[in-house]
Amino acid sequence: MTPEGEVLGAPGVPSPARCWSTDDVRPRDALSYWCDSIGQVMLELDIEAAAGHGFREQLDQYSLGPTTGNFLQATSQSVARTRRNISRSSQETFLLVHLREGEFEFERAGQATQVRSGDCL
């Protein structure tokens, strides 16, 4: 836990327990690397992104007592969690998402919701 007033990632705060970044691989391999990595450490997902060398992702994980904090920086992409993805999962998962910047559309059971900066889901 960080002292009151400090922000994770700020100077003097310990580095993440684990970090994955597409900066560590060739640009042409970035999307494939990301799909494999995120499936192993968070959730099985189908991820699509525009072709090219602009795809960038970074995931920093911090231990927060009995849970894990996941802090993600990402370029534009389409992400889906299908029944097939869920069937391959061996664990129950609860994710709380707080969108710091940008916006996205979340769809579940045919119901779409716009998520904007400052929203939690």
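The preceding data block contains the structure.
A short tour of the structure in this document, coming up. Remember, predicted model here, so these are calculated numbers, not experimental data.

### Describing helix H1 (residues 30–41)
Turning to step 1, where the next piece is worked out: Between its first and last C-alpha, H1 extends 16 Å over twelve residues, near the 16 Å set by a 1.5 Å rise per residue.
Turning to step 2, where the next piece is worked out: Every buried residue belonging to H1 is among Ala30, Trp34, Ser37, Ile38 and Gly39, and all of these are buried.
Turning to step 3, where the next piece is worked out: Buried-residue contacts for H1 involve strand E1 (18–21), strand E2 (46–48), strand E3 (57–64) and strand E4 (67–74).

### Quick word on the side chain of glutamine 58
Turning to step 1, where the next piece is worked out: Structurally, the position occupied by glutamine 58 is in strand E3.
Turning to step 2, where the next piece is worked out: Polar side-chain contacts of glutamine 58 include one of 3.1 Å to the side chain of aspartate 60.
Turning to step 3, where the next piece is worked out: Setting aside chain neighbours within four positions, we find glutamine 58 in contact with Cys19, Trp20, Ser21, Trp34, Phe71, Leu72 and Gln73.

### Examining unusual backbone geometry
Turning to step 1, where the next piece is worked out: Of note in this structure, alanine 109 is not a glycine but carries a positive phi near 50°.
Turning to step 2, where the next piece is worked out: When its relative accessible area of 71% is taken as the criterion, alanine 109 is described as exposed.

### Some details on the pattern of salt bridges
Turning to step 1, where the next piece is worked out: In total, this model carries four salt bridges according to the counting rule given.
Turning to step 2, where the next piece is worked out: When the shortest N-O distance is used, the salt bridge between arginine 26 and aspartate 29 registers 2.7 Å.
Turning to step 3, where the next piece is worked out: With a shortest N-O distance of 3.1 Å, arginine 88 and glutamate 44 are connected by a salt bridge. Note that arginine 88 is positioned in the loop between helix H2 (83–87) and strand E6 (103–108) and glutamate 44 in the loop between H1 and E2, a separation of 44 residues in sequence.
Turning to step 4, where the next piece is worked out: Salt bridges here are not isolated pairs; linked through shared partners, they connect Arg26, Arg28 and Asp29.

The rules behind each value
Residues numbered from 1 in each chain as written. Predicted model: local features only at pLDDT ≥ 70, side-chain atom pairs only at ≥ 80, totals over all residues. Heavy atoms only, no water. Helix = DSSP H or I, 4+ residues; strand = E, 2+ residues; numbered from the N terminus. Expected span 1.5 Å × (residues − 1). Buried < 20%, exposed > 50% of the residue type's maximum accessible area, 1.4 Å probe, protein only. Contact = heavy atoms within 4.5 Å. Polar contact = N/O pair within 3.5 Å; in protein donor to acceptor, adjacent residues only side chain to side chain. Salt bridge = Lys/Arg side-chain N within 4 Å of Asp/Glu carboxyl O.

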